[in-house]
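What follows is each chain in one-letter form.
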Amino acid sequence: MTAPNPASDKAFDETLEGRLGDEAATAALAAAVASALSPGTSIHLSGDLGAGKTRFARALLAALGHGGRVKSPTFTLVEPYNLPRFDLYHFDFYRFSSEDEWREAGLDEYFQGLAVTLVEWPEMGGAGLPAPDLRVRLDPDPDDDGARRVRLQARGPRGLACLNAVRDAACFDSG
Ligand SMILES: Nc1ncnc2c1ncn2[C@@H]1O[C@H](COP(=O)(O)OP(=O)(O)OP(=O)(O)O)[C@@H](O)[C@H]1O
Ligand SMILES: [Mg+2]
């Protein structure tokens, strides 16, 4: 589905694009982002159903030391994680049918503190959702079921720290 993005492309300072050849590459990307996360960082995960947003979230949480299960928040809307360095909240806004529903559900307070927030389907939160520090967009690779195209967009020092870590980790295929 296509929906307007809460933050336009112009709002971002830097963009990085590449190809993730397999799930391990997606996991390596998530681990690189995890290594540069600081309290209060907000990440939006975009892409169609099955693009790999939850897969990315699972690898990010594993890299942050979470040893347990990572449930998709599709039905619960939010799954909380108490991690050594910060709390992390993983959201899925897919089931919201109006732009204010996330606020009406009381989820806005999660975005005001020092927790890291990870949002799948941020488009469903509408324009009122705070712009993220990092936007990760995953799209299928038309030639390969197990591969993804990825676009990362960073805004401000927290987002740029993540982008630089990804660049240093060199987890993209060329092409
Ligand atoms: N390179 C890849 N990166 C991530 N996932 C991949 C890749 N290749 C194949 N997959 C598969 O794609 C699927 C991604 O599912 P996932 O639940 O992460 O999607 P999602 O974007 O969270 O979808 P939804 O919008 O329904 O929440 C998984 O079955 C995963 O095994
Ligand atoms: Mg998902």
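Presented here is a report on the structure given in the accompanying data block. Quantities reported herein were computed from a predicted structural model and do not represent experimental measurements.

Turning our attention to the overall build of the chain. A count of helical and extended segments in the chain gives four helices and seven strands. When the helices and strands of the chain are read in sequence order from the N terminus, they spell out β-α-β-α-β-β-α-β-β-β-α. The C-alpha radius of gyration of the chain comes to 15 Å, within 12% of the 16 Å expected for a compact globule of 175 residues. Its C-alpha atoms put the chain at 45 × 35 × 30 Å along the principal axes. Relative to its 175 residues, the chain shows a buried fraction of 49%. Carbon and sulfur atoms make up 48% of the accessible area of the chain, which amounts to about 8,200 Å² in all.

Val33, Leu37, Leu60, Leu88, Leu134, Val136 and Leu152 are the most contacted members of the largest nonpolar core, which has 37 residues in total. Within the residue set of this core, elements represented by two or more residues are β1 (14-20), α1 (23-35), β2 (42-46), α2 (53-63), β5 (116-120), β6 (134-141), β7 (144-154) and α4 (156-169). A total of six residues in this core trace back to one element, the largest contributor, which is α1. Apart from the residues within four sequence positions on either side, leucine 60 is in contact with Ala30, Val33, Ala34, Leu37, Leu88 and Leu118.

On to unusual backbone geometry, then. Positive phi values are uncommon outside glycine, yet leucine 77 reaches one of about 75°. By the secondary structure assignment, leucine 77 is in the loop between α2 and β3 (78-82). Not every positive phi belongs to a glycine, and tryptophan 121 is a case in point at roughly 55°.

Looking now at α4. With 14 residues, α4 extends 20 Å from end C-alpha to end C-alpha; this agrees with the ideal 20 Å at 1.5 Å per step. The set of residues buried in α4 consists of Gly159, Cys162, Leu163, Ala165 and Val166. Along the long axis of α4, the arc covered by the buried residues comes to 155°, so they all point the same way. Away from its buried face by more than 90 degrees, α4 exposes Pro157 and Asp168. Next to the buried residues of α4 lie β1, α1, β6 and β7. Two residues or fewer after α4 comes alanine 170, characterised by a positive phi angle close to 45°.

Here we come to the sheet that holds β3. If you walk across this open sheet you meet the seven strands as β1-β7-β6-β2-β5-β4-β3, and the pairing is mixed. Each edge of the open sheet carries a strand with a single partner, namely β1 and β3. With direction set aside, neighbouring strand axes in the sheet form an average angle of 15°. In this sheet, β7 lies alongside β6 in antiparallel orientation, the contact comprising eight bridges. When the sheet's bridge partners are listed, aspartate 139 is paired in β7 with arginine 149.

Calculation notes
- Residues numbered from 1 in each chain as written.
- Chains lettered and ligands numbered in written order.
- Predicted model: local features only at pLDDT ≥ 70, side-chain atom pairs only at ≥ 80, totals over all residues.
- Heavy atoms only, no water.
- Helix = DSSP H or I, 4+ residues; strand = E, 2+ residues; numbered from the N terminus.
- Rg over C-alpha atoms; globule rule 2.2 N^0.38 Å.
- Buried < 20%, exposed > 50% of the residue type's maximum accessible area, 1.4 Å probe, protein only.
- Areas by Shrake-Rupley, 256 points an atom, 1.4 Å probe, with all protein chains shown as cover.
- Core = buried A, V, L, I, M, F, W, Y, C linked by side-chain atoms within 4.5 Å.
- Contact = heavy atoms within 4.5 Å.
- Expected span 1.5 Å × (residues − 1).
- Arc of directions from axis to C-beta.
- Pairing = 2+ DSSP bridges.
- Axes fitted to C-alpha atoms, helices over the stretch in contact; angles between N-to-C directions.

None of this, on its own, says anything about what the molecule does.
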